[in-house]
Each structure stands twice: as structure tokens, then as C-alpha cells.
Amino acid sequence: MTVNTATIGYPRIGRNREWKKVIEAYWKQETTEAELHNQLHELYVNQLRIQKDKGIDFVSVGDFSYYDHMLDTAVMFNIIPARFKKQNLSALDTYYAMARGNKEAEACEMTKWFNTNYHYIVPEFTDVTPALNENRPLAYWQKAKDELALNGKPLLIGPATFILLGKGFKQEEVSSLFAQLTPLYIQVIKELHEAGAEWIQIDEPIFVTNKAEGYWKDVEAFYQRISEEVPGANLIIQTYFEALDNYQSVVNLPVNAFGLDFVHDERKNSEAIKAHGFPKGKKLFAGVIDGRNVWKSNLIEKAALVSELQKLVGEEEVIVQPSSTLLHVPVTVETEQELPADIRAGLSFAEEKLTELELLKDLLKGDSEAVKAHQQEIEAFSKVANRVHTKTRAELEQIDDQALSRASVAERQRLQKEKFDLPLLPTTTIGSLPQTAEVRSKRLKWKQGQLTNEQYEAFIKEETKRWIEVQEEIGIDVLVHGEFERTDMVEFFGERLGGMLTTKNGWVQSYGSRCVRPPVVYGDVYLVEPMTVKEIVYAQSLTEKVVKGMLTGPITILNWSFPRTDISKYESMNQIALAIRKEVKALEEAGVHMIQVDEPALREGLPIRAEKQAAYLNATVEAFRLATTGVEDTTQIHTHMCYSKFDDMIDTISALDADVISIEASRSHGNIISSFEQYSYDKEIGLGIYDIHSPRIPSFEEMTNNLDRALRVLNPAQFWVNPDCGLKTRNEKQVIDALTQMVNVTKKYREKLAAVAQ
């Protein structure tokens with residue numbers, strides 16, 4: 001029997017985040033453009049070599065990027081906003097200006113890629129003329145051919161996904177965009193085919209949603225044109241993250257193969273094949289190894305699934321692969337020697353998943369000995385992980401509706417206004433302050449034993465004190481302690497909560513060069529001891545102003561971690577919520593009465609399928625209220641959300657019952673503001689008036705315009721002024737200059753409101 005394997009994509013960052021370091025060095029002008037190209041070329045070739053050496057038969061090429069694959073597609077097809085074109089920058093600097101902004105122009109919007117923690121740059125189709133600037137997939141395919149004699153599987157983002165995840169067009173303009181892009185795609189595919197590419201992967205994850213439903217004639221017309229213009233090209237329509245929304249329509253498209261997710265589809269893809277059949281003579285690229293989680297696959301079960309698919313589709317027509325690109329998992333478990341051996345035995349990162357594909361191939365060929373050790377490791381892990389914490393489960397059973405409610409919003413606002421006595425349009429930040437090279441160096445030395453606990457704690461106190469003074473000097477109304485003791489807003493809690501662990505090198509790309517190390521949930525989660533009280537209480541002792549307690553909420557902790565799979569995500573979410581509830585109460589008992597419980601990942605966990613969304617949103621409301629309602633009515637609960645569209649979930653945001661919510665608004669150019677024209681929101685709110693993900697400092701006029709736009713529909717009495725997100729990724733000068741600008745804008749606006757009132 002012939003069994004082939006494939007990959008959809010691979011982590012860009014390298015084992016030691018070499019990718020991040022090279023790119024950031026270029027941004028800092030510490031390396032030349034030529035050096036950047038050379039070093040990234042080496043990384044790209046190395047990631048292909050790893051896949052080739054692991055015996056993968058169909059290796060995707062061109063999934064590599066200098067920042068983001070959607071941005072790559074936009075630049076390739078000349079979807080470059082006029083504000084960048086008129087600057088006459090080099091091609092590379094235009095590319096990075098679109099991603100990060102510069103002094104002359106705001107960055108393009110950035111948002112989450114489906115329901116993952118990866119962020120993509122949103123294509124802007126306003127006033128652009130599509131054209132082919134470069135056949136980027138061909139260049140990457142040729143590199144693989146020249147360097148490794150590898151006839152890889154070049155990857156393109158499909159037109160439906162590219163257009164429908166973009167912005168700046170009206171519904172009736174979609175057909176025109178398809179028409180403009182079709183000849184460009186034809187040229188790219190034709191050149192690939194003529195160069196010798198045997199298979200070409202076209203990613204259309206939009207097909208697992210209903211977003212393409214109203215434009216299916218355009219989709220059909222596009223793929224029909226491709227089949228007519230390049231009849232010999234072998235095309236794969238690749239989907240992932242869910243079951244196909246319209247199976248029959250998709251598999252009737254005139255291409256040669258279809259890639260389907262058989263991990264996150266809840267068997268719906270399998271059921272569709274059983275019910276409707278699969279096109280004869282076409283290949284099925286079956287995603288059976290989980291591309292988004294870190295647990296080893298039970299290969300006996302996977303082999304049974306593949307065998308079932310082979311019977312339905314044809315033994316020679318099924319190629320096994322991960323369920324999605326491996327971009328969403330760390331590079332290798334080999335660098336995690338410090339983890340407990342029993343838990344490490346159950347983990348599988350990108351390199352290990354390649355090994356799993358080869359073991360699965362052996363098993364399907366009848367070699368059961370090859371997987372014996374793998375299965376034994378899974379069994380050993382299951383005996384020691386997934387531990388039950390009896391106390392947590394008992395406490396959760398005792399939670400009732402009364403424990404999840406507080407006094408009315410109006411009553412809480414009255415009490416909190418008396419308690420805090422803040423000015424109109426109070427200013428604050430989201431939480432984190434710059435993680436400078438010195439902060440990171442001290443933390444590393446402490447972890448390596450070069451600094452004692454006392455020395456490290458003294459440094460953290462010194463840095464906290466310095467930034468309390470900086471915030472007071474700038475004139476911020478509600479201060480933060482800066483989170484200098486925290487590497488990451490989720491990792492910090494993953495290190496301290498029972499039932500969770502963190503890795504040493506388990507980095508995953510989040511956006512651009514920003515990488516995170518998602519914790520691993522391996523058992524019931526519980527609070528071991530207070531996690532944040534000492535640092536917050538110390539910061540509050542330094543000032544007469546209010547210092548917010550800063551926590552990450554249960555939804556975000558779970559969504560930005562690798563969850564266990566033996567219980568439901570909602571059960572794990574409530575376990576984390578109970579732990580955070582105890583931490584909130586510990587802060588309150590220590591005298592902290594303004595507490596922010598951040599939920600930036602609430603929207604990103606929203607299921608792709610509409611029929612699953614209500615259950616998820618109800619569960620998030622329950623978890624957040626479980627975490628935050630165990631306090632006095634005078635204690636003000638804040639939360640923060642970002643990177644998302646919220647106009648269709650204002651009801652959920654209100655139901656969280658946070659006293660104050662801050663939401664990203666500047667990079668999406670305030671689109672959420674229109675939601676409040678239709679919805680009467682009765683709580684306090686801050687819409688970020690400048691984008692922290694860009695190094696540029698917005699002008700006084702820009703910030704004023706953003707503030708003015710919000711206050712056209714929101715009552716100044718309920719409005720807070722803040723940046724879009726935390727400030728850890730910016731340098732000190734950028735933070736001080738931007739916050740000073742923000743405070744000056746607010747003071748001027750207060751004067752304007754006071755004059756109007758008179």
C-alpha cells in the first residue's frame with residue numbers, strides 16, 4: 001500500500017526565535033536589507049530541510065513570511081493603500097510600514113485569524129488597482145528546488161479568503177474584486193505550473209464559514225477560469241479549523257484535491273463524505289494530526305480514521321497531514337528537557353508531529369511495532385496527567401446564581417464615584433509598561449541563578465517605583481504597577497496555577513515578531529497561593545492615586561493556552577475562573593479596590609460555526625462573572641478586549657457586568673463606535689485612542705479626532721481615555737511621548753466640555 005504524507009505549513013520562527021531576532025534587528029537598523037534577506041533565506045531553507053528529512057512527501061513551500069501571509073498576498077497583488085504608496089519607500093519598507101505604521105501613516109488593521117491567537121494584517125481594498133508585483137510563491141518554490149532539489153507544494157491564499165477577510169469595499173463590489181484578481185491568480189498559477197510545480201495549494205479556510213455563501217457564483221467562476229486557463233495544473237483547495245460549511249458545493253469545484261480538517265470537524269467532514277460521496281479520481285488531503293494542540297495523537301485511533309476514509313475515497317487517494325499549518329504550535333519538544341519527564345512524554349510540537357505522520361504511515365502499512373513506544377508514552381502520560389483536584393470540583397458545585405451577581409449598575413456607579421472621585425474622562429493605561437532589555441536581562445539572570453530572589457525583587461520594586469513616578473509626572477489619573485515581574489500576561493499565571501505548566505522554548509508566533517509561550521493545561525486548575533498581591537500592594541503604597549490590580553481573565557488564560565482534551569473547555573474555563581475569583585478577593589482584602597481582569601481573547605475563542613456560538617458566549621459570561629463577582633459593590637471591576645469586531649456581541653459584553661471595559665478601537669479606525677449608536681450601553685467604557693502596536697506617535701490631532709469620534713455617541717460621564725492595549729512592546733520614549741500626548745489631548749477636551757457646559 002502507498003501512503004503519502006503532507007504538511008500545510010510550518011513554524012517560521014526557528015528553534016530559538018532566530019526569525020524574530022533577525023527581523024527586529026532590521027527594524028532597529030542594526031542589519032542591512034541584504035543581511036536580512038540572507039538570514040531569512042537560511043531559516044526558510046532549514047525549515048524545508050527538516051520536513052524533507054522527516055520523509056514528508058508533499059512539503060508546502062511559500063508559507064514562510066517576513067511578517068504575515070495575508071500581508072504577503074496584499075503586497076504581491078498591489079493591494080497597497082495610497083498612504084503608503086505616496087511615500088516612495090522601498091518595497092520592503094512599504095511592506096513593514098503597512099504592518100507597523102510609520103511617522104507618516106497609520107498601520108493597516110490587524111485582527112485574529114479565525115479562532116486562533118495568530119493575528120493577520122487586514123487587506124484594504126479602498127482605492128487600489130490590483131496588479132502582480134511579484135510571483136512570490138514561484139520565488140519560494142524555486143528556492144526549494146535550487147537549494148534542496150525539493151519540488152514543493154507552493155501555497156497561495158485563495159481569492160475568497162483574501163477578499164472576504166479584507167475591508168474597504170461594499171458588498172456589491174465583491175464580484176468586481178474577484179474579476180480583477182482572477183487574471184493575476186491565473187498568471188501566478190500558470191508560471192508555477194510551467195516551472196514544474198506538481199501540486200499547488202490554494203488555502204480557502206473561509207469555506208468552513210458561511211461568509212462565501214452569498215458569493216458562490218464568483219467562487220465557481222474563479223475556479224472554472226483557472227481550470228480552463230491552466231488545465232494541467234494540479235490544484236488543492238485547502239481548508240482547516242472546522243468542517244466545510246457547504247461540502248457539496250466545495251467538492252464540486254473543478255480542482256484536483258481537497259484538504260479537510262478531520263480533527264476539529266467533530267466528524268462532520270467524515271459524515272458528509274459518507275452521505276454525499278467524494279469526487280472520483282481526486283485526492284483527499286486528510287488533516288488527522290492536530291495542528292493546533294500539543295498532545296501526542298493516539299495513532300491507533302488515527303489509523304482507524306484514515307482506514308475509514310480510504311474505504312470511502314480510495315486507498316491511493318488519501319494523503320495524511322496535520323489538520324492545519326503547524327504555525328500554531330512550538331517548534332520542538334527537544335528543547336524542553338526541564339519539563340517533568342512524564343508530562344513531556346505526552347507532548348508533540350511541530351517536529352514531533354512530522355514524526356507522528358511518519359509513524360502513522362508505517363502503521364497504515366502494517367508496521368505496528370513502529371508505534372509501540374509512541375503509544376506507551378501516551379499511556380504513561382495519561383496515568384500521571386489529567387489529575388483531579390477534588391476541592392476545586394466541590395467548590396464549583398456550590399456556586400449558584402446569587403454568587404454570580406452584584407448590585408445594580410446604577411448603584412455600583414454611585415458608590416464607586418464617591419469612593420474614587422475621578423475627573424471627567426479619567427486617563428489610564430491597559431496594564432503593562434515597557435519590558436526593556438534591562439528588565440529582560442535581570443529576569444534571565446534571576447532564572448539562571450545569577451541573581452538571588454532578594455536582588456531580583458529589589459530590582460522589580462525599583463522599576464515599579466520609577467514608573468509610578470513617571471505616570472504621576474505625565475498626569476495619568478489611574479496608575480498601573482507595570483507588570484515588570486511578568487514575562488507574559490498568560491504565561492505568568494500558567495507558571496503559578498496548579499494544573500498548568502509553562503515551557504522554556506515553546507514559542508509561538510502571535511503577530512509580526514511578537515512570540516508567546518502558551519502554557520499547557522494538563523490537570524484540574526486551582527489557586528496554589530496569591531499570585532499578584534505583593535506587587536500591587538507595594539505599588540499602591542508609593543502613591544495617593546489609585547493603582548489598578550492587574551489580572552488575566554479565565555477565558556483568555558484558557559484560549560491562550562494549550563488545553564487538555566479529556567474534559568470540555570468550559571469545565572477548564574470555570575476551574576480557572578474559580579482560581580481568579582480567589583485572587584480577586586485576595587486583592588480586595590489587601591486594600592486594592594480597582595481590579596482589571598483582562599479578556600482580550602474572548603472574541604477569538606468564538607466558534608467558527610454559528611450554531612455553536614451562543615453556547616460559547618453564555619459560557620464566557622458565566623466564567624467571567626464567576627471570576628469577578630465575589631467582591632464588594634465599591635470595588636470597581638475593569639476588563640479589556642482587543643483585536644476583534646464586537647458589534648455583534650455588545651449584549652455579551654454588557655452581560656459580563658464589568659464596571660469599566662476598554663476596547664481596541666484605533667487600528668480598526670473606530671468601527672466599533674457605530675455599534676453604540678444602536679445600543680444603549682449603561683456601563684463605563686474606554687475606546688483606545690491610539691495604536692500601541694505601531695512605534696509611531698500619533699499627532700495631537702489624530703488622538704483628538706479619535707476621542708471626538710467616540711464622544712459623539714458616548715456620554716463623557718461614562719468614558720475613559722486609554723491606549724489600545726498594553727505597552728510592554730514599546731520603548732520608554734515611545735510610551736512617555738504617547739502617554740503625554742494622550743493626557744494633553746484629554747485635558748484640552750475637558751476644557752472644551754467645560755466651556756460648552758457654561
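Located above this text is the structure these notes cover.
About the cut-offs
- Residues numbered from 1 in each chain as written.
- Predicted model: local features only at pLDDT ≥ 70, side-chain atom pairs only at ≥ 80, totals over all residues.
- Heavy atoms only, no water.
- Helix = DSSP H or I, 4+ residues; strand = E, 2+ residues; numbered from the N terminus.
- Rg over C-alpha atoms; globule rule 2.2 N^0.38 Å.
- Buried < 20%, exposed > 50% of the residue type's maximum accessible area, 1.4 Å probe, protein only.
- Contact = heavy atoms within 4.5 Å.
- Areas by Shrake-Rupley, 256 points an atom, 1.4 Å probe, with all protein chains shown as cover.
- Lys, Arg positive; Asp, Glu negative; His and termini not counted.
- Charge placed at Lys NZ, Arg CZ, Asp CG, Glu CD.
- Pairing = 2+ DSSP bridges.
- Phe/Tyr/Trp six-rings, centres within 6.5 Å; stacked < 30°, edge-to-face > 60°.
- Lys NZ or Arg CZ within 6 Å of the ring centre and 35° of its normal.
- Salt bridge = Lys/Arg side-chain N within 4 Å of Asp/Glu carboxyl O.
- Expected span 1.5 Å × (residues − 1).
- Arc of directions from axis to C-beta.
- Core = buried A, V, L, I, M, F, W, Y, C linked by side-chain atoms within 4.5 Å.
- Polar contact = N/O pair within 3.5 Å; in protein donor to acceptor, adjacent residues only side chain to side chain.
- Axes fitted to C-alpha atoms, helices over the stretch in contact; angles between N-to-C directions.
- Left-handed = near helix turned anticlockwise from the far one by under 90°.
- Nonpolar A, V, L, I, M, F, W, Y, C, P; charged D, E, K, R; others polar.

Moving on: the overall build of the protein chain. Counting its secondary structure elements, the protein chain contains 28 helices and 22 strands. Here the protein chain has a C-alpha radius of gyration of 26 Å; the compact-globule value for 758 residues is 27 Å, and the two agree. The C-alpha extent of the protein chain, read off along each of the three principal axes, is 75 × 60 × 50 Å. A buried classification covers 62% of the 758 residues belonging to the protein chain. For the protein chain, the proportion of contacts with a sequence separation of at least 24, taken over those separated by at least 6, is 79%. A total of about 29000 Å² of accessible surface is found on the protein chain, and carbon and sulfur atoms cover 47% of it. Distance between charge centres in the protein chain, computed from 87 positive and 111 negative side chains, equals 1 Å.

A few words now on the sheet that holds strand β8 (residues 257-261). Taken in spatial order, the 8 strands make up an open sheet running β1-β10-β9-β8-β7-β6-β5-β2, and their pairing is parallel. Because the sheet does not close on itself, it has two edges, and the strands there are β1 (4-5) and β2 (60-61).

The subject of this paragraph is the environment of V59. With respect to the secondary-structure elements, V59 resides in the loop between α2 (33-53) and β2. Among the residues examined, V59 registers a relative accessible area of 0% and is labelled buried. Separated by 352 residues in the primary sequence, V59 and E411 have C-alpha atoms spaced 61 Å apart. Excluding anything up to four places from it in sequence, V59 contacts T7, L48, Q51, K52, L150, G152 and K153.

Turning to the packing of aromatic side chains, a few remarks are in order. Throughout the structure, instances matching the rule amount to 26 aromatic pairs. Taken together, the ring pairs in this structure connect F77, F125, F162, F169, Y185, F222 and Y223 into an aromatic cluster. Across from the ring centre of W27, 3.8 Å away, lies the NZ or CZ of R100, which sits over that ring. Above the plane of the ring of Y538 lies K461, whose end atom (NZ or CZ) is 5.1 Å from the centre.

We now examine the pattern of salt bridges. Taken as a whole and assessed by the stated rule, the structure comprises 48 salt bridges. E604 serves as the salt-bridge partner of K112, at 1.9 Å between the closest nitrogen and oxygen. With K112 in strand β3 (residues 110-112) and E604 in the loop between β18 (594-598) and α24 (610-628), this pair connects stretches of sequence that are 492 residues apart. On the accessibility criterion, K112 (7% relative accessible area) is buried.

Across its 12 residues, helix α17 (residues 409-420) extends 16 Å between first and last C-alpha, which sits within 8% of the 16 Å expected from 1.5 Å per residue. Along α17, the residues that are buried comprise V409, R412, Q416 and F420. Each buried residue of α17 sits inside an arc of 60° when the element is viewed along its axis, so together they form one side. Facing away from the buried side of α17 by more than 90 degrees, the exposed set consists of A410, K417 and E418. Those residues of α17 that are buried are in contact with β16 (546-547), β18 and β19 (636-641). Backbone geometry just downstream of α17 places D421 in the positive-phi region, at approximately 50°.

Strand order in the open sheet made by the 6 strands is β17-β18-β19-β20-β21-β22, with parallel pairing throughout. Only two strands of the sheet have a single neighbouring strand rather than two, namely β17 (549-552) and β22 (719-720). Pairing of β17 with β18 involves 4 bridges; the strand directions are parallel. Considered in β18, the bridge of G549 is made with I595.

Let us now look at the nonpolar core. One finds W113, F162 and F207 to be the most contacted residues of the largest nonpolar core, which totals 143 residues. Discounting chain neighbours no more than four positions away, the residues touching F207 are A160, A212, W216, V219, Y223, I237, T239, L244, D245, N246, V250 and L253. Core analysis: the second largest hydrophobic core is formed by 87 residues, I474, F492, I557 and I637 among them.

Among the 10 residues of helix α5 (residues 91-100), 8 are classified as buried, and the element is accordingly described as predominantly covered. Within the span of α5, buried status applies to L92, T94, Y95, Y96, A97, M98, A99 and R100. The inward-facing, buried residues of α5 contact α1 (18-27), α2, α3 (69-76), α4 (82-85) and β4 (119-121). Phi for G101, located one or two positions after α5, is positive at around 75°.

Note on placement: D659 falls in the loop between α25 (650-655) and β20 (660-663). At 2.8 Å, the side chain of D659 and the side chain of R412 are in polar contact.

Running from N to C, helix α19 (residues 453-474) and helix α28 (residues 732-757) cross one another at 30°; their axes reach a closest spacing of 9 Å. For α19 against α28, the interelement crossing comes out right-handed. Each of E463, R466, W467, V470 and I474 in α19 lies in contact with α28, whose residues at this interface are E732, V735, I736, L739, T740 and V743. Looking at the contact of α19 with α28, its residues break down into 7 nonpolar, 1 polar and 3 charged.

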